[in-house]
Amino acid sequence: MSARAFIAVESLSELLIRELADLRRFCALLAEERKVLTGAEADRLADIASEKSSLASQLSQVETRRDALLVKSGFSKGRSGTEAWLASQPDADAERHQWNEVLKLALQARNENETNGHLINLLLKQNQEALSLLLSGGADSIYGTDGQQRSLADGKRSFGTV
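Residues numbered from 1 in each chain as written. Predicted model: local features only at pLDDT ≥ 70, side-chain atom pairs only at ≥ 80, totals over all residues. Heavy atoms only, no water.

Got a minute to help me understand the confidence of the model for the protein in this structure?
As a general rule, the predicted coordinates of low-pLDDT regions are not to be interpreted in detail. Predicted confidence across the protein gives a mean pLDDT of 84, with 80% of residues reaching 70 or more. A low-confidence stretch, residues 1-9 stays under pLDDT 50, and its non-local contacts, those more than four residues away or across chains, total 6 contacts. (pLDDT = per-residue confidence, 0-100. Contact = heavy atoms within 4.5 Å.)

And the structure:
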C-alpha cells in the first residue's frame, strides 16, 4: 500500500496514537537490549537488533506520513508543524498529551540507545582485550594464533590432560 493510501485514511490524531504505541514498544525493546547486554544472553542480541531495525523503520514511515498530512493541511513538517497544528485545534487535549508523550519517549529512546551503544562498545573493547591477552604470543600465552591450546612449559600439564 502506498503512502498516499495511508494519508487518505489516517488522521494526524490516528498517527499520533500509532507513533506513541511504536515508541513505547521501541523503548521496551531498548530496555530488553540493556538487560541482555548486562546478562549472559548474547544470543538474543541478533533478534533484538532486527526488531529495533523494523521498529525504527516503522517510526520513520509514521513520521513521513505525519509530515505529509501536516503539509497537506497547510502546516510545516516536523515538530513545529505538529505544534502549530495542535495550537489550531481547540479540542485537542488528548492529542496534545499524546504529542508530549511522543516527545518524551523519543528523547528517552535516543538516550537509552546511546547508553546501550556505549555499553556495546565497552563490552567489545573488553572482549578484544581478552582475546589480545590470550593470543599475545608471550611466554605465558595459553592459546596460539590458530586458537589451539599451547603446551605449558616447566612440566605443567596443559588443560584437559592427565
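Still more ground to cover, so stick around.
Would you explain the side chain of threonine 82 in this entry?
On the secondary structure map, threonine 82 appears in helix H4 (residues 78-88). Every residue in contact with threonine 82, bar those within four places of it in the chain, is listed here: Arg66, Leu70, Ser76 and Trp99. (Helix = DSSP H or I, 4+ residues; strand = E, 2+ residues; numbered from the N terminus.)

Quick question: what am I supposed to make of the pattern of salt bridges here?
Opposite charge on two side chains makes pairing possible when the charged atoms of those side chains draw close. Enumeration over the complete set of coordinates arrives at 11 salt bridges. In this structure, glutamate 101 engages arginine 24 in a salt bridge whose closest nitrogen and oxygen atoms are separated by 2.9 Å. Taken together, the positions of glutamate 101 in helix H5 (residues 93-134) and arginine 24 in helix H2 (residues 12-38) put the pair 77 residues apart, joining distant regions of the chain. Its relative accessible area of 19% is what places glutamate 101 among the buried residues. Using a relative accessible area of 43% as the deciding quantity, one classes arginine 24 as partly exposed. For arginine 44, the salt bridge identified is with glutamate 51, shortest N-O distance 3.3 Å. Linked by salt bridges that have partners in common, Glu32, Arg44, Asp47 and Glu51 make up one network. (Salt bridge = Lys/Arg side-chain N within 4 Å of Asp/Glu carboxyl O. Buried < 20%, exposed > 50% of the residue type's maximum accessible area, 1.4 Å probe, protein only.)

Is there a simple way to explain the environment of isoleucine 48 in this structure?
With respect to the element layout, isoleucine 48 can be found in helix H3 (residues 45-72). Separated by 12 residues in sequence, isoleucine 48 and valine 36 have C-alpha atoms that sit 9.3 Å apart.

Could you clarify how one ought to interpret H5 in this entry?
The first and last C-alpha atoms of H5 sit 61 Å apart over 42 residues, in line with the 62 Å expected at 1.5 Å per residue. Among the residues of H5, those classed as buried are Glu95, Gln98, Trp99, Glu101, Val102, Leu105, Ala109, Glu112, Asn116 and Leu119. Contacts made by the buried residues of H5 are with H2, H3 and H4. (Expected span 1.5 Å × (residues − 1).)

It is not clear to me how the nonpolar core should be interpreted in this structure. Could you clarify?
Looking at soluble globular proteins, one finds that nonpolar side chains tend to be buried together. Ranked by internal contacts, the top residues of the largest apolar core, which has 23 residues, are Phe26 and Trp85. Of the residues forming this core, the biggest block, 10 residues, is contributed by H2. (Core = buried A, V, L, I, M, F, W, Y, C linked by side-chain atoms within 4.5 Å.)

Would you take a moment to explain the packing of H4 against H5 for this structure?
For any two helices packed against each other, the geometry comes down to the angle between their axes and how far apart the axes lie. Closest axis-to-axis distance for the H4/H5 pair is 10 Å, and the angle between their directions is 160°. Relative to H5, the element H4 is oriented roughly antiparallel. Both H4 and H5 take part in a crossing whose hand is left-handed. Two secondary-structure elements touch here, H4 through Arg79, Thr82, Glu83, Trp85, Leu86 and Ala87 and H5 through Glu95, Arg96, Trp99 and Leu103. Of the residues in the contact of H4 with H5, the class split is 5 nonpolar, 1 polar and 4 charged. (Axes fitted to C-alpha atoms, helices over the stretch in contact; angles between N-to-C directions. Parallel < 35°, antiparallel > 145°, perpendicular 65-115°, else oblique. Left-handed = near helix turned anticlockwise from the far one by under 90°. Nonpolar A, V, L, I, M, F, W, Y, C, P; charged D, E, K, R; others polar.)

How do you make sense of the side chain of glutamate 112 when you look at a structure like this?
Position of glutamate 112 relative to the elements: it lies in helix H5. Although glutamate 112 lies buried, it forms no salt bridge, and the closest oppositely charged side chain, arginine 34, sits 5.4 Å away as judged by the N-O distance. When residues no more than four places from it in sequence are discounted, the contact partners of glutamate 112 are Cys27, Leu30, Ala31 and Arg34. (Lys, Arg positive; Asp, Glu negative; His and termini not counted.)

Looking at this model, I keep getting lost on the packing of H3 against H4. Mind explaining?
Following both chains from N to C, one finds H3 and H4 inclined at 55°, their axes separated by 10 Å at the closest point. Classified by the angle their axes make, H3 and H4 are oblique. When the axes of H3 and H4 are compared, the crossing they make is left-handed. Contacts from Arg66, Asp67 and Leu70 in H3 reach Gly78, Gly81, Thr82 and Trp85 in H4. Among the residues forming the contact of H3 with H4, the class breakdown is 2 nonpolar, 3 polar and 2 charged.

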